[in-house]
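As a plain string of letters, each chain reads:
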Amino acid sequence: MPGLTNSIIWLVGTLLEGSVLVCALKTKSLRRYLFLNVYMALSFLVSVARFEVLIRWGYTSLEYAYFYFYSDALLTLGLYFALLNLYSLVFDEMKVERYLRLGAVVLLGGTAWFSYAVINQSSHRILSHFAFELSQNLYFVGLVLTYVLWGAILKLRETRTRLIQLVLALGIYFSAFAADYALRNLYPNLQPVFQYLTPTLAWILPAAWAYAFLCVSEETRLAPSSLAAVSR
Amino acid sequence: MSRRLIVLLLAMLVLVGAMSLKTVVVTHGDGSVIMANGSAPPPPVPWKNGGTPVQVLGNGSAPPPPVPWK
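1. Digging into the overall build of chain A
- Each helix and strand in chain A was counted, giving 8 helices and 0 strands.
- Walking chain A from its N terminus toward its C terminus, one meets helices and strands in the order α-α-α-α-α-α-α-α.
- In terms of C-alpha radius of gyration, chain A reaches 19 Å, essentially the compact-globule figure of 17 Å for 232 residues.
- With the C-alpha coordinates aligned to their principal axes, the bounding extent of chain A is approximately 70 × 40 × 40 Å.
- When contacts within chain A are restricted to residue pairs at least 6 apart in sequence, long-range pairs at least 24 apart make up 72% of them.

Below, the structure written as structure tokens:
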């Protein structure tokens, strides 16, 4: 069973996930950012369900392990679609929805095929292992796609503050987990610190998204920081 | 080159980049997993025997012993 501190961190994370939905409802942003909100609703429900399974079966049980990894695959898939939602919003004026859809399907299909190819090497092909592998691979695909979207936002000189905030939050979230993973491997003796730090990082995304929905209006625009100098 | 082919090429590039990144990270890692969905405590991975998942429905409910080969 997780200790008191870990339980509090978990509870705060779950409440933050719920607060994103509340903020989106309050500012009438539910439909515009549909997949972001679906992902947050899924995260909230999965968190509650994980707690139920943990209480019922125990931390070291296979039931908890398999439920955790299946639900994680579902959440990573949700995060992938949330990222595509952001892509469609960034490129909405360029009318490239059909190309985005094509790219998304090809990428998802390619990731699923790669995951299957990896587990196909083992003697027992079990669906749960596929779900785990797909989740891990989609995490890295999401990481790369977020950086590509960052680049696109810079290139297109995007000024919609809320959209920029949502994408930046996602980039920081992915980067924080990657940095945490690297530091855990570099300093394995700091495990007592990381057991609290790692779950706390999960607060970043819901906290930033809730802030973006609540405090940054849809109409807010960033002022251009610099104007291009024209040579005469 | 048509736009569709460019999209396919970009998707493949992202896939190759992501899988290369994953390979680099996993090769230099300690075998733990990156879990970035929620604050719930991640359980130990139930399969560690060379990529083969453990049997969920085995013979009896005795706890499985640690894998003797690694």
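2. Observations concerning the packing of helix α3 (residues 62–90) of chain A against helix α6 (residues 161–186) of chain A
Residues and elements named next belong to chain A.
- Contact geometry for α3 and α6: axes closest at 11 Å, N-to-C directions at 145°. The handedness of the crossing between α3 and α6 comes out as left-handed. On α6, the residues that touch Leu83, Leu86, Leu89 and Val90 of α3 are Leu163, Leu166, Val167 and Leu170.
- Residues belonging to the contact of α3 with α6 are distributed by class as follows: 8 nonpolar, no polar and no charged.

3. What about the nonpolar core?
- Core analysis: the biggest nonpolar cluster contains 63 residues, and A:Leu83, A:Val141, A:Leu166 and A:Trp209 have the highest contact counts within it.
- Sorting the residues of this core by element identifies α1 (4–26), α2 (34–57), α3, α5 (127–155), α6 and α8 (204–215) of chain A together with α1 (3–28) of chain B as the ones contributing at least two each.
- With 14 residues, the top contributor of residues to this core is α3(A).
- When sequence neighbours within four positions are dropped, the list of residues in contact with A:Leu166 reads A:Leu36, A:Leu86, A:Trp209 and A:Ala212.

4. Quick look at the environment of B:Pro41
- Here B:Pro41 shows up in the segment after α1.
- B:Pro41 gets classed as buried once you count the C-beta atoms within 10 Å, which come to 21.
- If near-sequence neighbours (up to four positions away) are discounted, B:Pro41 is found in contact with A:Pro2, A:Asn6, A:Tyr59 and A:Pro199.

5. Some thoughts on the confidence of the model for chain B
All names here are of chain B.
- Averaged over all residues, the pLDDT of chain B equals 68, while 51% of them reach at least 70.
- Throughout residues 49–70 the model reports pLDDT below 50, and contacts reaching past four residues in sequence, or to other chains, amount to 21 contacts.
- If you check the scores for this complex, the pTM reads 0.85 and the ipTM reads 0.75.

6. Thoughts on the packing of α5(A) against α6(A)
Residue and element names in this part refer to chain A.
- One way to put it is that α5 packs onto α6 with a least axis distance of 10 Å and a crossing angle of 140°. On the basis of the axis angle, α5 is oblique to α6. In this structure, the crossing between α5 and α6 has a hand that is left-handed. Contacts between α5 and α6 involve Gly142, Leu143, Thr146, Tyr147, Leu149, Trp150 and Ile153 from the former and Ile164, Val167, Leu170, Gly171, Phe174 and Ala178 from the latter.
- Considering only residue class, the contact of α5 with α6 consists of 10 nonpolar, 3 polar and no charged.

7. Re α2(A)
Residues and elements named next belong to chain A.
- In this model, α2 (24 residues) spans 34 Å end to end at C-alpha, consistent with the 34 Å of a helix rising 1.5 Å per residue.
- If you check which residues of α2 are buried, you get Leu36, Asn37, Tyr39, Met40, Leu42, Ser43, Phe44, Val46, Ser47, Arg50 and Leu54.
- On its buried face, α2 sits against α1, α3, α6 and α8.
- Looking one or two residues past α2, Gly58 carries a phi angle of roughly 100°, positive in sign.

8. Quick look at α8(A)
- Between its terminal C-alpha atoms α8(A) stretches 16 Å, which fits the 16 Å expected from 12 residues at 1.5 Å a residue.
- Buried residues along α8(A) sit in contact with α1, α2, α6 and α7 (191–201) of chain A.

9. Observations concerning unusual backbone geometry
Residues and elements named next belong to chain A.
- The phi angle at Lys95 is positive, at roughly 55°, despite the residue not being glycine.
- The class of Lys95 is exposed, set by 8 C-beta atoms lying within 10 Å.
- Phi at Arg157 is positive, roughly 50°, even though this residue is not glycine.
- Looking at where Arg157 falls in the secondary structure, it is placed in the loop between α5 and α6.

10. A few points about the confidence of the model for chain A
- Residues at a pLDDT of 70 or more form 94% of chain A, whose mean pLDDT is 88.
- By mean pLDDT, α7(A) is the weakest element of chain A at 88, and α8(A) is the strongest at 95.

11. Points about the environment of A:Gly13
- Of note, A:Gly13 is situated in helix α1.
- Its 25 C-beta neighbours within 10 Å are what place A:Gly13 among the buried residues.
- Measuring from C-alpha to C-alpha, the distance between A:Gly13 and A:Ala131 comes to 24 Å, with 118 residues separating the pair along the chain.
- Contact partners of A:Gly13, with chain neighbours within four places excluded, come to A:Pro199, A:Ala202, A:Trp203, B:Gly38 and B:Ser39.

Criteria and thresholds
Residues numbered from 1 in each chain as written. Chains lettered and ligands numbered in written order. Predicted model: local features only at pLDDT ≥ 70, side-chain atom pairs only at ≥ 80, totals over all residues. Helix = DSSP H or I, 4+ residues; strand = E, 2+ residues; numbered from the N terminus. Rg over C-alpha atoms; globule rule 2.2 N^0.38 Å. Contact = placed C-beta atoms within 7 Å. Axes fitted to C-alpha atoms, helices over the stretch in contact; angles between N-to-C directions. Left-handed = near helix turned anticlockwise from the far one by under 90°. Nonpolar A, V, L, I, M, F, W, Y, C, P; charged D, E, K, R; others polar. Core = buried A, V, L, I, M, F, W, Y, C linked by C-beta atoms within 7 Å. Buried ≥ 20, exposed ≤ 12 C-beta atoms within 10 Å, placed from the backbone. pLDDT = per-residue confidence, 0-100. Parallel < 35°, antiparallel > 145°, perpendicular 65-115°, else oblique. Expected span 1.5 Å × (residues − 1).

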